[in-house]
Amino acid sequence: MGSINNILGIAKLAMMAQQTAIQVTAHNIANVNTKGYSRQEVVFEETTPLNWNPGQIGTGVNAAAILRKYDSFIEGQITDNRESYGNLDIQRYALTNIENLFYDSYGAGIDNLLNDFFSAMQDLSANPSGTPERVALLSKADALADAINNIYSDLFQLQKDMNNQVNQTINDINSITEQIADLNVKISQAETAGHNANDYRDMRGKLMNDLAELVDIQYFEDNTGQVTIIGGGTALLVERGNSWDLGTEINSDNNDYYNIIYNPGGNNSVDLTNNITNGKLKGLITIRDTTLNEIIDDIDRLAASVANEINQVHRGGFGLDGSTDNDFFTPSFKTGDPVSVTGFSTNSGTGDVSVTIIDPTLLTYHNYELTFSANGSDTIYTITNKTTNVSTSGTYTTIPPTSPTFQGLTFNITGTHDPGDKYTVSAHKDAAKNLQVAISTDETYKIAAAMQAVDNGEDNRNILTLVGLQDKLSVDGTSTFNGYYSSVVGEIGANSQYVNNSSMAQKFSLEQLDNMRESVSGVSMDEEMANLMKYQNAYEAAARLITVSDELLQTLLNILG
Amino acid sequence: MRVSDKVMYNTTTQNMQMSLEKILKLQENISSGKRINHPSDDPIGAMKIIDYNTSISKVEQYQRNIGNATAFLGVTESAISSTQDVLLRAKELSLSALNETNSAADRAIIAEEVSELYQQVLQTANTKFNGRYIFGGYNTGTPPYDSVGLYEGTASPDGYIEIEVDSGSRVAINIPGYRVFGSPTDGVDILAALSSLETALNNDDSTGINTAMINIDSAMDQLNNELAEVGAKMNRLETSDSNLSKLTLDLITYKSKIEDVDITEVITDLAIQENALEASRATLSRILQQSILDFLR
């Protein structure tokens with residue numbers, strides 16, 4: 001037999017359950033625009049029935065759980081996609097900047113300035129003593145040198161910017177991992193107590209996606225609901241409530257740019273720079289250490305070949321004042337000029353290496369590596385051209401002094417050098433930074449148009465040889481100046497096009513995945529409003545139950561009264 | 001597929017964004033008139049444009065060089081032909097001087113005119129063009145022929161000012177004075193010939209006059225040869241110039257094919273994208289305006 005009290009109890013439970021559902025609906029509506037939010041749903045459950053006559057009778061409803069609608073497969077795909085997107089997006093940004101430095105559809109690029117420079121020489125060849133022609137040539141040369149200097153400084157600025165962003169990104173990563181560790185604890189506390197930590201999980205999911213955009217991660221969830229995250233292939237970033245920071249360290253072998261280090265115990269620092277395979281961090285490192293270094297090397301090579309080739313011919317001619325052996329550009333690339341030598345920070349030898357130009361006509365504008373190794377008690381030096389891999393080696397002795405000559409350069413080695421010591425040598429390094437016209441505008445008479453020292457006002461034979469350099473395959477013996485520049489532009493363009501296309505494709509697939517996620521987890525107002533009405537009706541009906549129960553009781557009381 | 005509010009909103013905004021990106025690109029193409037505005041638009045095309053620009057700049061420069069050469073040679077040509085007139089007159093005068101009816105006094109009068117002719121030739125030999133002595137070879141500082149008619153310009157065989165009229169192909173824009181007016185060591189020294197004619201006339205020396213006349217004859221041959229050479233050079237330059245003009249036109253056409261937009265195509269594309277954008281906007285405004293709340297009263 002039922003009891004009126006039981007009816008009241010059922011009504012109370014029903015009202016409470018529907019109220020919970022309305023509250024969850026309200027939470028859903030409120031979070032319709034929250035990024036990373038998964039809609040929640042109340043699971044209703046019948047309460048335990050009573051064994052009664054004529055049989056088991058229900059005792060009402062209970063809001064058993066609040067679940068979040070969520071597809072872990074899609075979430076995993078989004079994480080993977082965010083890694084590649086982060087990597088490609090920063091590269092796209094950088095390459096767009098770079099390619100616009102190198103190409104100007106309005107005709108003010110380096111290629112046009114090179115053409116103008118040679119045209120000015122042609123004009124001078126038609127009137128070798130003309131002051132206006134000489135002044136024009138110097139101003140065209142200045143414009144060319146300035147443009148090359150500007151490209152260099154813009155590239156260098158971008159490289160520094162990438163480096164600063166490495167530091168910022170590391171800070172962002174550390175802040176995110178700290179928050180994830182914090183959420184780990186909250187989730188585990190809630191879930192061991194038997195509650196679904198829906199909102200905490202949403203927040204953690206969003207943070208993990210943000211983290212993936214910055215660095216490649218692997219992660220798994222343990223049986224307490226806490227995630228363990230490994231970043232950059234090897235570094236444990238989060239485990240349970242603990243997080244470990246990534247750090248930066250200045251690398252003196254890489255222009256004092258930041259290395260990424262991981263030092264969890266505080267006494268065993270691991271260099272992760274080359275272990276990072278994806279995410280914004282990888283994009284920044286790729287642009288900073290590969291793309292920009294190659295492009296700066298290219299523009300240095302162009303500047304060095306222009307300066308060296310023009311100077312060689314120019315030094316052989318005579319100015320209107322009869323002066324000769326004058327440089328047209330600095331750096332001069334003369335016999336005896338020192339070139340850039342950089343010792344590695346790991347070198348243990350105390351000796352010294354200096355390299356000078358012995359024959360400007362043999363310079364290759366390649367980078368060289370000088371290494372030392374042991375052969376019994378002897379120290380062996382090896383000089384390698386890093387472009388062609390051609391090398392020369394010999395035994396290093398202090399008496400007689402060792403000064404091998406290789407591809408136009410003399411290597412003067414002194415002092416002690418230990419096996420494993422390394423030096424990089426480059427004749428063209430920083431040429432783009434330092435390129436300048438060596439003749440001032442009040443010394444136009446120094447421009448060596450002539451091949452004879454006196455009575456040479458109309459002698460244009462040297463200028464004609466200089467003009468011929470426009471068609472000479474001066475760069476690496478394979479390209480003209482302009483041909484080389486055009487191949488650099490083509491390379492940058494192709495790289496930029498590839499990254500643009502990949503990043504667009506990645507963005508598109510990320511949007512698709514986001515839509516799939518929102519399709520499962522997103523809030524639909526129509527649905528929520530329908531639910532709201534459903535729960536409201538149920539709540540009203542339950543309230544009516546109380547009225548009815550009350551009336552039933554009144555009836556009984558009236559009989560008694 | 002379940003459609004949540006965000007799916008609806010994201011899809012429409014993403015579509016609008018895509019249309020807008022394409023429209024921006026098309027606008028850039030239309031406003032610049034160029035299909036390639038960044039190397040990544042077409043890396044190979046960008047390389048070709050740079051190569052074409054270099055070729056065009058070179059060809060235009062060759063044409064400017066030809067212009068300079070033609071002007072210089074033109075002045076040379078008129079200098080030579082005016083000298084020819086002078087020598088013709090000198091020959092006429094010496095012929096009439098040889099006439100037996102002329103007295104020594106008559107010959108002295110003729111000698112005066114020959115002296116004038118000498119000055120005229122000297123002046124022509126020191127012709128200046130844009131402040132440059134055209135017959136001085138490399139030497140522009142001093143007149144190539146001094147007051148006594150001695151050649152002081154660049155000595156044989158040097159003194160040719162060459163300029164490029166095509167890649168690796170050079171033409172001398174001048175003829176050194178020693179080739180035209182001669183010098184004590186090269187060809188017929190025209191000034192010396194006139195000077196000796198004057199002396200012979202003054203001395204009433206018919207053998208001298210005869211010798212001078214023979215010299216003037218060979219001088220005229222010398223001038224004819226040089227004039228022919230100048231003419232041939234100018235012809236060659238004219239042919240080169242018209243070839244280069246055609247080449248420039250061809251190069252500009254090739255470059256334009258790679259670089260310039262097909263405006264009809266771009267405008268059509270733009271119209272298509274505008275329609276797409278308009279449709280997306282219309283959808284967004286109609287769908288998002290509607291809400292279940294409008295029906296719950």
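The rules behind each value
Residues numbered from 1 in each chain as written. Chains lettered and ligands numbered in written order. Predicted model: local features only at pLDDT ≥ 70, side-chain atom pairs only at ≥ 80, totals over all residues. Heavy atoms only, no water. Core = buried A, V, L, I, M, F, W, Y, C linked by side-chain atoms within 4.5 Å. Buried < 20%, exposed > 50% of the residue type's maximum accessible area, 1.4 Å probe, protein only. Helix = DSSP H or I, 4+ residues; strand = E, 2+ residues; numbered from the N terminus. Domains from an automatic or database assignment. Contact = heavy atoms within 4.5 Å. Pairing = 2+ DSSP bridges. Salt bridge = Lys/Arg side-chain N within 4 Å of Asp/Glu carboxyl O. Polar contact = N/O pair within 3.5 Å; in protein donor to acceptor, adjacent residues only side chain to side chain. Expected span 1.5 Å × (residues − 1). Arc of directions from axis to C-beta.

Enquirer: What am I meant to see in the nonpolar core here?
Expert: Note that soluble globular proteins tend to have their nonpolar side chains buried in a common cluster. Counting 113 residues, the largest nonpolar core has A:Phe102, A:Phe117, A:Ile310, A:Phe328, A:Phe329 and A:Leu409 as its most contacted members. Take this core: its biggest share by element is 19 residues, from helix H4 (residues 131–192) of chain A. Viewed by domain, this core spans two of them, domain 2 (169–290) and domain 3 (334–426) of chain A, each represented by three or more residues. Once you skip the residues sitting within four places of it in the chain, A:Phe328 turns out to touch A:Phe117, A:Leu137, A:Leu138, A:Ala141, A:Ile310, A:Asn311, A:His314, A:Gln436, A:Val437, A:Ala438, A:Ile439 and A:Ile447. The next biggest cluster of nonpolar side chains, apart from the first, holds 59 residues, and it includes B:Val59, B:Ile110, B:Leu117 and B:Val165.

Enquirer: Which parts of the structure should I look at to understand the sheet that holds strand E12 (residues 352–357) of chain A?
Expert: Backbone hydrogen bonds are what pair the strands of a sheet, in a parallel or an antiparallel way. All names here are of chain A. Spatially, E12-E17-E16 is the arrangement adopted by the three strands of the open sheet, whose pairing is antiparallel. With partners counted over all chains shown, the strands left at the sheet margins are E12 and strand E16 (405–406), one partner each. Across two bridges, E16 lies against strand E17 (residues 409–414) in antiparallel orientation. When the bridges of E17 are listed, Phe-406 appears paired with Leu-409.

Enquirer: What is the right way to read the pattern of salt bridges from this model?
Expert: Inspection of the entire model under this criterion finds 42 salt bridges over all chains. Between A:Arg288 and A:Asp289 there is a salt bridge, with its nearest N and O atoms 2.8 Å apart. Using a relative accessible area of 0% as the deciding quantity, one classes A:Arg288 as buried. In the salt-bridge network here, residues are joined through shared partners; they are A:Arg39, A:Glu41, A:Lys69, A:Glu527 and B:Arg2.

Enquirer: I'm lost on the pairing of strand E3 (residues 217–221) of chain A in this one. Help?
Expert: For a regular strand, the rule is simple: side chains alternate between the two faces of the sheet. Residue and element names in this part refer to chain A. Both E3 and strand E4 (residues 227–231) contribute to a ladder of five bridges, which runs antiparallel. Within E4, the position partnered with Ile-217 by the bridge is Gly-231. Between E3 and E4, which pair antiparallel and follow one another directly, the connecting turn spans five residues, one of which, Gly-225, has a positive phi of 85 degrees.

Enquirer: Just to check I follow, could you spell out the side chain of B:Lys6 for this structure?
Expert: You can see B:Lys6 is positioned in helix H1 (residues 5–32). On the accessibility criterion, B:Lys6 (14% relative accessible area) is buried. From its side chain, B:Lys6 meets the backbone oxygen of A:Thr34 in a polar contact 2.8 Å long.

Enquirer: What should I look at first to understand helix H3 (residues 104–125) of chain B in this one?
Expert: In an α-helix there are 3.6 residues to a turn, and that puts residues three or four apart on one side. Residue and element names in this part refer to chain B. Its 22 residues give H3 an end-to-end C-alpha distance of 31 Å, which sits within 8% of 32 Å, the value for a rise of 1.5 Å per residue. Of all the residues in H3, the buried ones are Arg-107, Ile-110, Ala-111, Val-114, Leu-117, Tyr-118, Val-121, Leu-122, Thr-124 and Ala-125. Buried residues along H3 cover an arc of 145 degrees about the axis, so they all sit on one side. In H3, those exposed residues whose orientation departs by more than 90 degrees from the buried face are Ile-109, Glu-112, Glu-116 and Gln-123. Of the surrounding elements, those touching the buried residues of H3 are helix H2 (43–98), helix H5 (190–202) and helix H6 (206–259).

Enquirer: Can you help me understand helix H10 (residues 525–560) of chain A in this one?
Expert: Along its 36 residues, H10(A) runs 52 Å from first to last C-alpha, staying within 8% of the 52 Å computed at 1.5 Å per residue. Within H10(A), burial applies to A:Glu528, A:Met529, A:Asn531, A:Tyr535, A:Ala542 and A:Ser549.

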